[in-house]
Amino acid sequence: MSQIQPDAREALPDPGSAQPGFGAARADIAFEVNGTAVSVNVPPLRRLSLVLRDELLLTGTKVGCDAGDCGACTVLVDGDPVCACLMSAASAAGTAVTSVEGLANGRLSALQASFLAHGAAQCGICTPALLVAATALLDKQPNPTEVEVQDALGGVLCRCTGYRKIIAAVMDASLQAASLDFRLPPSGHAIGSSPIRLDGVPKVTGAEKFGGDSFPADALAVLVVRSPHYHASFAFGDLDGWTKAHPGIAGVFTAADIPGKNCFGAIGPFADQPALAEGFARLRGEAVALVAGEREAILDLDLSDFPVRWSELPHFLQPAEAQAEGAALIHGSRPANLLTSGLVERGDPETALAGAAFTVSGAIDTSYVEHAYIEPEAGYAYLDGDTLDGDTLVVVACTQAPYMDRDETAKVLGLAVDKVRIVPTATGGGFGSKLDVSLQPLIGLVAMKTGRPAALAYTRTESMISTTKRHPAEMRATIGADADGLVTGMIFEGDFNTGAYASWGPTVANRVPVHASGPYATPNYRAEGRAIHTHGPISGAFRGFGVPQATIMQETLYDELAGKLGMDRLDFRLKNCLRNGSETVTGQLLESGVGIAECLESLQPHWVRATADADAFNRASRDRKRGVGVASCWYGCGNTSLPNPSTIRVGIAADGTVILHQGAVDIGQGSNTVIAQICADALGLPLEKFQLKSADTAITPDAGKTSASRQTFVTGKAAEKAGRALREKILRFANVSEKAALQLDGSAIVIREGEATRRIDLTTLDVDAEGFVFRAEETYDPPTLPLDAKGQGKPYAVYGYGAQIAELEVDLKLGTVKLLKITAAHDVGKAINPLLAEGQIEGGIAQGIGMALMEEYIPGRTENLHDYLIPTIGDVPPIETILIEVPDPEGPFGAKGLGEHVLIPTAPAILNAIRHATGVLVTKIPATPTRIRAGIREKDGIREKEARR
């Protein structure tokens, strides 16, 4: 938890910290929980959510906001759904409370089984609340309509799934009652099947442990003091005296207590962020001090008297201000406040545009977008003295990048990397922001200084002010085509507001120029992306690394260019799309695996139907108009022209268990299941024999970070190699050919080749230190080449492709948008798990909807989930998914990445559909009703002026 001190408490309320009643006398409060009578001795006004989690250890009830905005804490009270964070313990007296733990009764309920069968649980952090709310609905209406499901579940936010599979799971729950036996596919058939998630059952029972679910009972609670100003100097007063004056406080820690290098960052050469600021803060919400104490003392603590004095300094939040002549430097070593820039140049774009038959130009600005995962950052740290060579600092927390966390935490705390162990918990959504170090060095510092476990869970406000955002972009571009409709040239420029610290700004600046052409042949091209420092929120990785912003610019211009050419918008894209044998804007020859044409072609019948439907509606309607938009995407899987290895270890134990050390953190995308499916078929043994050892820097090899749509491709390829290598070792041991079939029978391997059968008793073989009798460990690093000074080279080994159609209706008087349907075609190379692929597509589309229509993080104003809007279950229309499989020979079994691709086309397709409906292109994103209505008024005013002439 945190408090902004001392002069911003009113501006930044902290609903998760001290509440009235924490210092009051306790009372015995009796009620029933999941059919059992309980009594707790707590302050009467303590939140029911805290009582359930901390007193009764029912951590299936999640805390996402402590304000009733996210609904993650939903429980049933006397049969009705209630936000437990808004109910006091005293109010629960005499009631019957049901949490997710009470739904199963020893066997999954039909609803829980339906969630598993439909893939309705991804990261799982919102799943308990959705199950509880849906249970209340089904008790009253066993066969609900979609509208009834939306009404019943509308108060629970989900950031991963896109809601469509949740709706289907609830509507189909009655059909699952007789089919609770989920069977895994047989040997050789894992790929292409959709078994339930291997980690699915704990997600629907509430047993899954996220960052804040397993704090040690004796852990010190940590509170973070943060800057209330965008830019300020500060000085501490008598910290020792203040500590002594507050019983239960174990200590206050500042930058002066940090034993190592007080600097971390996602990309080594650009690392610039202190774990605790020293002397001045560069952004609002920057951490300046830690207060550690007993849990009850921290809950009751009021930091209004914390001894820190602030002196506010001038600040700027916009790139233009930061780059104005004479602007003060945020980092002295970065002239003009330019973090870095990226460039791709090919041919002669100026000459091509000058000679083009048609050209279009435009400018579009996008906003900060908040990740808004439902699980705020949380974790605990402790010193493990059981190691042979002294204490090891263990950090148990939600993360997307355990090995990066280990290295950065070790650096800050002055430890050798082998003296830091990162144990990832289940991660309740990430989308890029949990790639960055957040609380890891902070709780590690407290644990080292006090010798006690230290625990910290960010409040919603704390998470939103201090963690990274999607880069706001100011973009300009010109595209030209010849008279036949072939694109001849393009020039793109984008300034990306990277905020106070670097984070993943260099990745955005370099990835955008590679992708800004879209998946289209563009022989003459220049694109530059610049990451510019301001005192705004830190901008980092968010599902696409800047490509979604650039695609809005490119795809909206493509619609305009098609209009000038008099061409159908979909046909124009098909005419120009990349194909096998094409060269990209970086000069990379795409020899095979290019699936964008297949994606666009699969959309053609949907396009014909949708445009006809819109035309018919518009002829009959005056105040409401329908529009249809299309947009494409491509995305390079993995790091840009940089090493990007993953390592997988797999072995067979003496009892016949296949143990897969799978270090790719599953943040909901399904890597635990997909990578196991790949390894199973490569090895030739059934998935049911596999036991997962999930990410842990002490026991699993480094599978790299979960980002850049790399895990299915890169780690999946490592898993394929490891599976094949293990198979080869077994076959050589048995002296049989590669055609032999493997089977596990208890503690024996049965090997059949033709009529011959051999049985190997594993218990008779030597066992290694990890308990394996056979083992293999393989690494895969995609073959890429550096980009030269003009951005020419081979930045990625594999690209994924996709295209989407958006159908919508606009109220011309109000400017409101009603989405009717989205049709999405994505080339996945090979669908390892089709159900999980569909779930990724639907979830990405939901985030694209938010980006297009409602999500706009405004520093100081939208720092909670009440004022910052993300799509709810009623905002996502029906989605039709078309899985295209154009195998890439580099991918495992031909598979490509998918996670980022699926968000990229959604916003431009929606914006193009709005323009189709209204004639207005909104150039400041999101396209809120106010902005749409302003555009309509401006267009109507221009028409009136022209009519007067």
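All residue numbers here refer to positions counted from 1 along the written sequence of the relevant chain. Whole-chain, interface and lining totals are the exception, using all residues; otherwise, since this is a predicted model, local features are given only for residues with pLDDT of at least 70 and side-chain atom pairs are given and counted only at 80 or more. Excluded from the side-chain calculations are hydrogens and water; all other atoms, namely the structure's heavy atoms, are used.

Only runs of H or I of at least four residues qualify as helices and only runs of E of at least two qualify as strands under DSSP, and these elements are numbered from the N terminus. Among the secondary structure elements, Val 446 is positioned in helix H12 (residues 440-450). For each residue, the accessible area found with a 1.4 Å probe, counting protein chains only, is set against the maximum for its type, and the residue is called buried under 20%, exposed over 50%, and partly exposed in between. Among the residues examined, Val 446 registers a relative accessible area of 0% and is labelled buried. On a C-alpha basis, the gap between Val 446 and Lys 813 in space is 57 Å, while along the polypeptide they are 367 residues apart. Every residue pair with non-hydrogen atoms within 4.5 Å of one another is taken to be in contact. Beyond its immediate stretch of four places on either side in the chain, Val 446 contacts Leu 220, Val 222, Phe 253, Leu 290, Ala 292, Gly 451 and Ala 454.

Burial runs high along strand S16 (residues 378-384): five of the seven residues are buried. Pairing between S16 and strand S19 (residues 454-457): four bridges, direction antiparallel. In the sheet register, Tyr 380 faces S19, and the bridge partner there is Ala 455. Paired strands are those between which DSSP finds at least two bridges. With six bridges connecting them, S16 and strand S17 (residues 392-397) associate as antiparallel partners. Bridging across to S17, Gly 379 finds its partner in Ala 397.

It is worth spelling out helix H17 (residues 596-620) at this point. The terminal C-alpha atoms of H17 lie 35 Å apart, and with 25 residues this matches the ideal 36 Å at 1.5 Å per residue to within 8%. To get the bend at a residue, fit one axis to the 7 residues ending there and another to the 7 starting there, then take the angle between the axes. The largest bend in H17 amounts to roughly 40° and is located at Gln 604, with the proline Pro 605 lying one to four residues further along. For a helix, the expected span equals 1.5 Å multiplied by the residue count minus one.

This paragraph deals with the nonpolar core. Nonpolar side chains in soluble globular proteins tend to be buried together. Residues Phe 115, Leu 153, Val 170, Phe 492 and Ile 910 are the most contacted members of the largest nonpolar core, which totals 156 residues. Leaving out residues up to four positions away in the same chain, Phe 115 has contacts with Ala 120, Ala 121, Thr 127, Leu 130, Leu 131, Ile 166, Ala 169, Val 170 and Val 204. Here the nonpolar core consists of buried residues drawn from Ala, Val, Leu, Ile, Met, Phe, Trp, Tyr and Cys, with membership extended through side-chain atoms lying within 4.5 Å. Formed by 47 residues, the second largest nonpolar core is a distinct cluster that contains Ile 675, Ile 678, Leu 744 and Ala 776.

Another point: the packing of helix H3 (residues 127-140) against helix H4 (residues 146-153). When two helices pack together, their arrangement is given by the angle between the helix axes and by the axis-to-axis distance. Interaxial angles span 0 to 180 degrees and are taken between N-to-C directions of axes, which are lines fitted to C-alpha atoms, for helices over the stretch in contact. As a packed pair, H3 and H4 sit with axes 9 Å apart at the nearest point and diverge in direction by 125°. With respect to their mutual orientation, H3 and H4 come out oblique. When the axes of H3 and H4 are compared, the crossing they make is right-handed. Residues Leu 130, Ala 133, Ala 134 and Leu 137 of H3 lie in contact with H4, whose contacting residues are Glu 148, Val 149, Ala 152 and Leu 153. Each residue belonging to the contact of H3 with H4 can be placed in one class, and the counts come to seven nonpolar, no polar and one charged. In this scheme, roughly parallel covers angles under 35 degrees and roughly antiparallel covers those over 145, while 65 to 115 is roughly perpendicular and the rest are oblique. What makes a crossing left-handed is the near helix being turned counterclockwise from the far one by less than a right angle; a clockwise turn instead makes it right-handed. Residues are grouped as follows: Ala, Val, Leu, Ile, Met, Phe, Trp, Tyr, Cys and Pro are nonpolar; Asp, Glu, Lys and Arg are charged; all remaining types, including Gly, are polar.

Across the sheet, which stays open at both edges, the four strands sit in the order S24-S32-S33-S34 with mixed pairing between neighbours. Strand pairing shows two members of the sheet lacking a second neighbour, strand S24 (624-636) and strand S34 (879-884), which therefore form its edges. The average undirected angle you get between the axes of adjacent strands in this sheet is 15°. When strand S33 (residues 817-827) meets S34, the two strands line up parallel, connected through six bridges. Of the residues in S34, the one forming a bridge with Thr 823 is Glu 880. Lying over the sheet, H17 contacts S24, strand S32 (799-811), S33 and S34, oriented at roughly 170° with respect to S24.

To continue, consider the pairing of strand S30 (residues 756-761). Note: strand S29 (residues 748-753) against S30, six bridges, orientation antiparallel. Its bridge partner being in S30, Ala 748 is matched across the sheet by Asp 761. The turn linking S29 back onto S30 is made up of two residues, and Gly 754 within it adopts a positive phi angle of 65°.

Examined against the element boundaries, Pro 44 turns out to sit in the loop between strand S3 (36-42) and helix H1 (48-55). As for Pro 44 and Ala 92, which are separated by 48 residues in sequence, their C-alpha atoms are 9.6 Å apart.

Glancing now at the sheet that holds strand S14 (residues 358-365). In spatial order, the strands read S13-S23-S22-S21-S14; together these five strands make up an open sheet with mixed pairing. Each end of this open sheet is capped by a strand with a single partner; those strands are strand S13 (338-346) and S14. Recorded for the sheet is a direction-independent mean angle of 5° between the axes of neighbouring strands. Sheet contacts for helix H15 (residues 547-565): S14, strand S21 (473-481) and strand S22 (487-499); angle to S14, the most-contacted strand, approximately 145°.

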